[in-house]
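Remarks on the overall topology
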Amino acid sequence: MPQYRLMYFNIRARAETSRMIFAAAGVEYEDVRVAREQWPAEKASGKYPFGQMPCLEIDGKFTLAQSRAIGRYLANEYGLAGKDNLEKAKVDMVIYVCEDIYVGVRNIFFEKDETKKAEMKADFVVKADSILAALEKLLIANNGGNGYLVGDSLTWADLEFFVRMEYAPFFNAAILDQYPKLKALAERVSSVPEIAAWLKKRPKTDF
Amino acid sequence: MPKHRVIYFNARGRAEPSRLVLSAAGVEFEDVRFTNEEWQTEKATGKYEFGQLPCLETDGVIIGQSRAIARYLANEYGLAGKTNLDKAKADMITDACEDLLQGMAKIHYEKDEAKKKELQTEYGKKIATILAALEKILTANNGGDGFFVGDGVSVADLSFFAQMEYNLSSAADLLDSYPS
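Before going into details, it helps to say that this report is about the structure given with it.

1. Quick look at the nonpolar core
Residues and elements named next belong to chain A. If you look at the biggest cluster of nonpolar residues, it comprises 131 residues, and the most contacted ones within it are Leu-56, Leu-132, Leu-149 and Phe-161. Of the residues forming this core, the biggest block, eleven residues, is contributed by helix H4 (residues 85-110). Those residues in contact with Leu-132 that lie beyond four places of it in its chain are Ile-101, Phe-161, Met-165, Ile-175, Leu-176, Tyr-179 and Leu-182.

Quick look at the structure:
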């Protein structure tokens, strides 16, 4: 088993999906959370290929950057990526679509101007609705929608979806009420014993 | 009848890496290019799950999201990298190229001149950081006289090439400081 160090800030944001993959796979890793004040020095050390986090250090030998590259690598290593090339492509498609949710929420969260913030929220709810409607359709097309987004077992697409929907309170806490299959999926993910355990023990963060 | 249809507008943009992967693999494909009006009609059919292009149609299945498509084709035709780790390195590089594309798009769409200048300065720094990192990754791969990952061309090299076509058109000497 390789030694893994996952490096990020003490937030969920772009590392949480990888943390959930580790949890679902039952793989141990060092969950490094760099304090904001320490970051300039860390960045200057040159350890981080693109001067950004998250990064995954593998066996002290290679440092992988880019959150999705990390997630995909771990998912492939531990059987959470999809069974064949086509399933993996569908999983990837969901990952990228969920990225749009993350970026929308992040922009709202960091907006200081209250008027602008309200405007962004209103715009984003419309966008989120169209994304979720498409995901609901995709889920239902997968054997009726009572399982997972792609294939017939949990993949990191389901984990990423769950992680992004944890941000629903930032734009519309009850949004999943309109998408019953997606709502049930989110509950199914959080009930996977390893995930439930992680959700209980992980540090509580605002974002 | 080619197995794959790459569906996009008549531009390089987000479809070019996929077109390059298929070409490098010597695989024939239908290179579908919609006009804006044609796209509006197509989009209304609801065939395209997320209402966006590019899409890949293969054996009746439609996949969206440019990098999902490029990666799928690269995996199908042996241009993804050999090991999981090589594939992850390739992913890291294509994601970095995406950052360059997004930075460019942001500037392109910014109407306010002052904000545009600000974005351009930021983007200049971003390009420098990313290119320096890519140069390091490349030279770490057997001295840098081959390809980004492993010992053959991969989707990483093709994505980089496609992105550089854009950056070089506005700064022809951009890569002079990055010999590899």
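2. As for the side chain of Ser-154 of chain B
Inspection of the secondary structure puts Ser-154 of chain B in the loop between helix H5 (113-140) and helix H6 (155-170). Contact partners of Ser-154 of chain B, with chain neighbours within four places excluded, come to Leu-79, Gly-81, Ala-90 and Val-149 of chain B.

3. A look at the sheet that holds strand S1 (residues 4-9) of chain A
Hydrogen bonds between backbone groups are what pair the strands of a sheet, and the pairing can be parallel or antiparallel. Reading across from one edge, S2-S1-S3-S4 (chain A) is the order of the four strands in this open sheet, with mixed pairing throughout. Unpaired on one side and paired on the other, strand S2 (30-34) and strand S4 (62-65) of chain A mark the two borders of the sheet. Strand after strand, the sheet turns through a mean of 20° between neighbouring axes, direction not considered. Bridge analysis of strand S3 (residues 55-58) of chain A against S4 of chain A gives four bridges, and the strand direction is antiparallel. When the sheet's bridge partners are listed, Glu-57 of chain A is paired in S4 of chain A with Thr-63 of chain A. Sitting on the sheet, helix H4 (residues 84-109) of chain B touches S3 and S4 of chain A, and the angle it makes with S4 of chain A is about 45°.

4. So, the packing of aromatic side chains
Each aromatic ring pair is characterised by the separation of its centres together with the angle its planes make. Scanning the entire structure with this criterion turns up 21 aromatic pairs over all chains. On the numbers, 4.7 Å between centres and 25° between planes, the contact of Tyr-167 of chain A with Phe-207 of chain A is stacked. Remark: Phe-207 of chain A occurs in the segment after helix H8 (193-201) and Tyr-167 of chain A occurs in the loop between helix H6 (156-165) and helix H7 (180-191); sequence separation between them is 40 residues. Residue classification places Tyr-167 of chain A among the buried residues on the basis of a relative accessible area of 1%. For Phe-207 of chain A, a relative accessible area of 2% corresponds to the buried category. Measuring from centroid to centroid gives 6.3 Å for Phe-9 of chain B and Trp-39 of chain B, while their planes differ by 90°, and the two rings are edge-to-face. Of the two residues, Phe-9 of chain B sits in strand S1 (residues 4-9) while Trp-39 of chain B sits in helix H2 (residues 36-44), which places them 30 residues apart along the sequence. Positioned above the aromatic ring of Phe-9 of chain A is the side chain of Arg-36 of chain A, whose terminal nitrogen or guanidinium carbon lies 4.0 Å from the ring centre. Over the face of the ring belonging to Tyr-166 of chain B we find Arg-12 of chain B, whose NZ or CZ atom lies 4.6 Å from the ring centre.

5. Side note on the sheet that holds strand S3 (residues 55-58) of chain B
All names here are of chain B. Judged by pairing direction, the sheet is mixed, and its four strands sit side by side in the order S2-S1-S3-S4 without closing on themselves. In the strand order of this sheet, the two ends are held by strand S2 (29-34) and strand S4 (61-64), each with one partner. On average, each strand axis in the sheet is inclined to that of its neighbour by 20°, with strand direction left out of account. In this sheet, S3 lies alongside S1 in antiparallel orientation, the contact comprising four bridges. Residue pairing for S3: Arg-5 is matched across the bridge by Glu-57. This element, H2, spans S1 and S2 of the sheet and lies at about 105° to S2.

6. A look at the pairing of S2 of chain B
Note on strand geometry: in a regular strand, side chains alternate between the two faces of the sheet. Residue and element names in this part refer to chain B. Pairing between S1 and S2: six bridges, direction parallel. The residue bridging Ile-7 from the neighbouring strand is Val-32, located in S2. Where the polypeptide runs from S1 across helix H1 (residues 16-24) and back to S2, its parallel neighbour, the crossover connection is right-handed.

What counts, and where the lines are drawn
Residues numbered from 1 in each chain as written. Chains lettered and ligands numbered in written order. Predicted model: local features only at pLDDT ≥ 70, side-chain atom pairs only at ≥ 80, totals over all residues. Heavy atoms only, no water. Core = buried A, V, L, I, M, F, W, Y, C linked by side-chain atoms within 4.5 Å. Buried < 20%, exposed > 50% of the residue type's maximum accessible area, 1.4 Å probe, protein only. Helix = DSSP H or I, 4+ residues; strand = E, 2+ residues; numbered from the N terminus. Contact = heavy atoms within 4.5 Å. Pairing = 2+ DSSP bridges. Axes fitted to C-alpha atoms, helices over the stretch in contact; angles between N-to-C directions. Phe/Tyr/Trp six-rings, centres within 6.5 Å; stacked < 30°, edge-to-face > 60°. Lys NZ or Arg CZ within 6 Å of the ring centre and 35° of its normal. Right-handed = clockwise from strand over helix to strand, strands pointing away.

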